[in-house]
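Chain by chain, the residues run as shown.
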Amino acid sequence: ADIISTVEFNYTGDLLATGDKGGRVVIFQREQETKSRPLSRGEYNVYSTFQSHEPEFDYLKSLEIEEKINKIRWLPQQNAAHFLLSTNDKTIKLWKISERDKRAEGYNLKDEDGRLREPFRVTELRVPTLKPMDLMVEASPRRTFANAHTYHINSISVNSDYATYLSADDLRINLWHLEVTNRSFNIVDIKPANMEELTEVITAAEFHPHHCNVFFSNAENVGGRKSWHWFHVELCVLSAVFEEPEDPSSRSFFSEIISSISDVKFSHSGRYMMTRDYLSVKVWDLNMENRPVETYQVHEYLRSKLCSLYENDCIFDKFECCWNGSDSTIMTGSYNNFFRTFEREAQRDVTLEASRESSKPRAVLKPRKVCTSGKRKKDEITVDSLDFNKKILHTAWHPMENIIAVAATNNLYLFQEKVN
Amino acid sequence: MLGRGLKRKLSDYEENMAGLSSAFDSSRSLSYPLKRQLVLNMCLTKLQTYKMLVEPNLHRSVLIANTVRQIQEEMRQESSQQPVNICPGIAAASHTYTGMESPGISLQLPSGVGQQEAHCCDLRSVEDPIENSLLIVSDDDMSSAISSILKDLDFVEDISPPTCLVPTGDDQPKFPENAGLKLEDDRQDLKGAECVFGSFEISNSTSYLKDLAIDDIFEDIDTSMYDSDFCCPPLMPPRSPSLATEEPLKTFPSCNSSSANNIQICRTDLSELDHIMEILVGS
């Protein structure tokens with residue numbers, strides 16, 4: 001199995017899509033509750049697997065284009081089929097996943113095997129009938145949106161109008177119509193005339209969940225402070241800039257690097273926005289631009305290890321974050337296969353581990369703790385014994401229930417709230 | 001990161017760096033300027049490593065470049081306040097340093113480096129082992145490291161003006177180095193630079209969103225073929241048939257080992273050579 005590079009629930013939560021480094025997409029479907037298997041409700045089983053992207057070679061630049069899936073975004077379901085967008089560094093594809101559980105039998109011109117019948121054998125005319133067959137799930141590419149990005153695509157986001165979507169690379173954001181593949185509109189371009197003046201790149205972009213003409217992105221390193229811009233799409237006018245004044249006491253050589261935003265997610269309500277940087281998660285109220293309303297330290301104990309983390313490149317790891325359905329809890333990943341959830345109202349947080357040893361089916365996960373002071377208590381883990389190769393970058397929360405999907409390198413873990 | 005098959009050699013330097021970064025984190029034994037120097041060295045080492053990659057990560061490069069600029073700014077402010085500091089080599093260099101955008105910077109490099117290396121040799125023998133292992137770097141080196149990495153990242157587009165390959169002395173003669181920080185006027189190096197920027201020229205003449213004209217594609221590929229020095233050589237002068245057959249064949253293994261587009265060009269050459277052979281042999 002390959003390293004999982006993205007995880008995403010669909011709008012109902014019945015389907016969970018994962019993309020991996022090998023360009024494959026695996027979709028899991030939630031089992032329906034049945035009388036014969038009452039305990040199986042909530043289990044996700046493989047529904048469909050397909051190869052979304054293949055490695056390509058750019059002949060003009062002599063570069064290989066990786067097939068790794070950077071992002072998957074579902075489209076809301078409008079008919080029996082499911083649609084999703086998947087992207088690698090350069091190309092976005094729209095896939096249709098449809099079920100087939102009936103087969104037509106009794107053709108006039110061909111046999112059951114499919115061979116053409118001899119015309120003289122056709123003695124009577126019959127109407128083919130539909131017979132049930134084993135469920136077959138087919139994935140077919142419907143659109144390919146290519147050749148619009150010079151740099152690596154890091155985000156795609158579907159608009160609430162369900163007709164357009166945006167794709168963002170390091171320096172540009174393009175707007176597409178789902179039906180049109182040969183044209184896209186460039187709506188943000190932060191590439192300077194002289195590349196040497198480049199001080200900021202785009203790392204995330206997302207449409208507002210309700211306002212179809214508003215999206216967020218980070219662009220413009222203004223005076224050393226990180227800023228977020230709110231754009232109106234029609235005119236592409238900058239509407240608001242969100243920035244937090246820098247705390248001079250916590251300034252270090254690595255302040256620049258650790259304040260780089262790795263993910264942004266709107267709350268389901270549309271009222272809040274969450275940004276993830278290397279050490280913390282910040283919740284912003286869209287009506288207040290001068291500072292975040294909440295800040296959660298994910299792994300503050302790493303602040304004293306920044307030089308080592310810079311040396312081994314871990315400081316560049318891009319962690320994602322997510323909201324639960326009611327926006328009451330947020331979740332993000334860390335190292336050593338740890339992930340953390342923060343309850344906003346209750347001011348409670350917990351650290352959990354996603355690993356085979358600690359995840360027996362149906363067993364409750366034990367909270368973990370990292371020892372920050374000198375004396376290590378029983379069951380605590382010291383900072384030095386953390387495994388920095390086991391990183392949880394991708395997590396997803398079911399849109400309505402308390403079911404979470406956690407990708408730990410090449411394993412996918414699904415956890416559910418225990419209902420007594 | 002996709003490398004061009006270049007292995008990172010595990011050297012003493014890397015082992016030292018790991019030890020030094022732990023020393024940094026424990027923050028007991030290193031003074032602030034030393035810590036700053038260590039971070040700076042790590043940044044420049046990373047930038048140098050990224051330069052060797054076929055496709056460096058733009059995000060990381062920009063973050064590291066920003067960190068270097070930040071440190072540079074700090075050091076510049078300090079040196080303007082205090083003429084004497086721990087590393088007089090840096091102070092000497094920064095006095096000659098007129099500004100980041102100044103065109104004279106790149107050209108002064110060789111003398112600049114030599115000058116402060118001389119200073120630092122005196123210094124190193126006196127200081128403790130940790131300082132000895134730190135590479136003292138001048139502002140010039142930092143600026144040109146940032147400049148060259150960011151220039152190399154300028155993959156495409158008709159928006160930016162074509163980069164100028166030879167310093168002309170006017171406002172922006174940033175010479176794009178692809179082999180170390182030395183500025184040499186050799187034909188060889190210029191050709192090497194053109195080879196790297198051959199792709200810039202190709203890309204500058206096309207826009208990703210417009211349909212490419214077939215003629216333009218082949219026109220550009222032809223240009224780069226003649227400019228680069230690892231592809232099939234052009235038509236051989238007429239020699240005795242046996243020699244003529246052997247020599248082109250010898251060049252083919254080198255073609256096969258290079259990238260796919262060269263193989264395409266070699267194939268067109270093969271048909272041309274066949275044609276020549278026919279003429280020579282008279283068949």
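Residue numbering note: each chain is counted from 1, following its sequence as written. As a convention, the first chain written is A and the first ligand written is 1, with the rest following in written order. The predicted origin of the model limits local features to residues at a pLDDT of at least 70 and limits the giving and counting of side-chain atom pairs to 80 or more, whereas totals for whole chains, interfaces and linings rest on all residues. Remark: hydrogens and water are excluded; side-chain values derive from all non-hydrogen atoms of the structure.

An unreviewed UniProt entry annotates chain B as SRTD2 protein originating from Sylvia borin.

The name that an unreviewed UniProt entry assigns to chain A is Serine/threonine-protein phosphatase 2A 55 kDa regulatory subunit B, with the source organism given as Sylvia borin. UniProt positions are given in the numbering used here, feature names are shortened, and annotations may be inferred rather than shown by experiment. Turning to chain A, the UniProt annotation filed under Sequence similarities (unreviewed entry) states: "Belongs to the phosphatase 2A regulatory subunit B family."

A. Layout of the overall build of chain B. In DSSP terms, a helix is any run of H or I states spanning at least four residues, a strand is any run of E spanning at least two, and both are numbered starting from the N terminus. Each helix and strand counted, chain B has 11 helices and 0 strands in total. Burial here depends on accessible area, computed with a 1.4 Å probe over protein chains only, as a share of the maximum for the residue type. Under 20% is buried, over 50% is exposed, and the range in between is partly exposed. By the burial criterion, 41% of the 283 residues in chain B qualify as buried. The contact criterion used is simple: two residues touch if any of their non-hydrogen atoms lie within 4.5 Å. Considering only intrachain contacts with a sequence separation of at least 6, the fraction spanning at least 24 residues in chain B is 68%.

B. Structural view of the nonpolar core. Joining through side-chain atoms within 4.5 Å is the link that ties buried Ala, Val, Leu, Ile, Met, Phe, Trp, Tyr and Cys residues into a set, and such a set is a nonpolar core. F254, Y278, L302, Y310 and I315 of chain A are the most contacted members of the largest nonpolar core, which has 43 residues in total. At 9 residues, the largest contribution of residues to this core is made by helix α2 (residues 32-52) of chain B. Apart from the residues within four sequence positions on either side, F254 of chain A is in contact with L306, C307, Y310 and I315 of chain A together with F24 and V39 of chain B. Core analysis: the next-biggest nonpolar cluster, separate from the first, contains 18 residues, Y151, A168, I187 and I202 of chain A among them.

C. Broad picture of the sheet that holds strand β31 (residues 411-416) of chain A. Residues and elements named next belong to chain A. Taking strand neighbours across the sheet as the criterion, the 3 strands line up as β29-β30-β31 in an open arrangement whose pairing is antiparallel. Looking at the sheet topology across the chains shown, the edges are occupied by β29 (394-397) and β31. Pairwise comparison of adjacent strand axes, ignoring direction, gives a mean angle of 15 degrees for this sheet. A pair of strands is considered paired only if DSSP assigns at least 2 bridges between the two. Summarising the sheet, strand β30 (residues 403-408) and β31 pair through 6 bridges and their orientation is antiparallel. Looking at β31, one finds that V406 is bridged to Y413. Under this scheme, a helix contributes an axis fitted over its contacting stretch, all axes are lines through C-alpha atoms, and angles between N-to-C directions fall in the 0 to 180 degree range.

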